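# Structural description and commentary
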Amino acid sequence: MASVKSPGLILKKIPFSDSSLILKVFTRESGLITLIAKGAKRPKSRFSGLLDFFTLDQFVYPEKSKSEIHTLMEAGLIRDFPRLKSDPARQSLGHVFMELYLKYVAEPAQSHPHYEMLLERLEQIDEADDPAFDPVLHLCDFLLGLCAVSGFSPQFSECVQCGRPATGFRVRMDPDLGGPVCAACAGAGAGGIAFPGRLLRWLGRLQEMGIRAGRLPRDEESQAEAFLLSFLGKHAGGARPMKTLDFYHEMLETF
Ligand SMILES: [Zn+2]
């Protein structure tokens, strides 16, 4: 039987029967797939010590399966992310990244850019220095990256309605249209989220250069996070409840 060998990242593990595990894995070659690791929970399983979260593994599975669930034939460790595994703050953020893929990327989503982005962003939070580690910065960067690889990006430089440069303070971000609406177009009592100009410029830099854009005060970054989540929801078929966000927001209180 022809098989596929592909690196991949485990996004979710579901216990199945007494001894097996069902895995949602984002693979480089096949996108998001479901694998069953038979006997993986037995102590002497050939998968023992493998199949952890926050590791990059090599997966071997049949090229074609009768069902949607492919049988995992072999697995091997390529590398792990030690700080992601041991630091609860980084871990809570990593789980948000993984759930965003599960909720907003439609299976099978065979896409190298999606795979590369997830891998690169997990590497980034694994490698980030402690004093400078800013989870909200990383999450905003991740959300912008996910929008970009999915083909819908917000913009932060001009009014989405009249095209005037959006540099003033009285701009409103419109998650439907994906950009700022100037004070004149917004009119009185218009909806959307009011954004200070500084936050708009920061989002523009973040989109251009990633986390090197630097930090803003936490409350402003959180405003950007809420906008980007709402933008993603609107453009990816509706907002989905996210379990991991609650824990991540609790963790934020501690760092
Ligand atoms: Zn306008």
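Treat the numbers as computed from the prediction; the structure is a model and nothing was measured.

## With respect to the sheet that holds strand S7 (residues 171–174)
A sheet is described by the order of its strands in space; here three strands give the open sequence S8-S7-S9, paired in antiparallel fashion. Two strands lie at the open edges of the sheet, namely strand S8 (179–181) and strand S9 (193–195), each paired on one side alone. Ignoring strand direction, the axes of neighbouring strands in this sheet form an average angle of 45°. With three bridges connecting them, S7 and S8 associate as antiparallel partners. Across the sheet, residue Arg172 finds its bridge partner in S8, namely Val181. Packed on one face of the sheet, helix H6 (residues 197–209) meets S7, S8 and S9 and runs near 85° to S9. Here helix H7 (residues 218–235) sits on the sheet and contacts S7 and S9; the angle it forms with S9, its principal contact strand, is near 135°.

## Regarding the domain arrangement of the protein
According to the domain assignment, the protein contains domain 1 (3–80) and domain 2 (83–252). Each of domain 1 and domain 2 was reduced to a C-alpha centroid, and the two centroids are 30 Å apart. Taken together, the contacts link 23 residues of domain 1 with 23 residues of domain 2. Counting each side, the surface lost to burial between domain 1 and domain 2 is near 2000 Å², with a carbon and sulfur contribution of 68%. Of all residues in domain 1, Phe26, Arg28 and Phe54 bury the most surface against domain 2, accounting for 37% of the area lost on that side. Summed over the shared surface of domain 1 and domain 2, the result is five salt bridges. The salt bridge involving Glu123 is made with Arg79; its shortest N-O contact spans 3.5 Å. Here domain 1 is connected to domain 2 by seven residue pairs in polar contact (both at pLDDT 80 or more). Looking at the side of domain 1 that touches domain 2, the elements that each hand over two or more residues are strand S1 (3–16), strand S2 (20–27), strand S3 (31–37), strand S4 (55–62) and strand S6 (74–80). Broken down by element, the side of domain 1 that touches domain 2 gets its largest block of residues, six residues, from S1.

About the cut-offs
Residues numbered from 1 in each chain as written. Predicted model: local features only at pLDDT ≥ 70, side-chain atom pairs only at ≥ 80, totals over all residues. Heavy atoms only, no water. Pairing = 2+ DSSP bridges. Helix = DSSP H or I, 4+ residues; strand = E, 2+ residues; numbered from the N terminus. Axes fitted to C-alpha atoms, helices over the stretch in contact; angles between N-to-C directions. Contact = heavy atoms within 4.5 Å. Domains from an automatic or database assignment. Buried area = accessible area lost by both parts, 1.4 Å probe. Salt bridge = Lys/Arg side-chain N within 4 Å of Asp/Glu carboxyl O. Polar contact = N/O pair within 3.5 Å; in protein donor to acceptor, adjacent residues only side chain to side chain.

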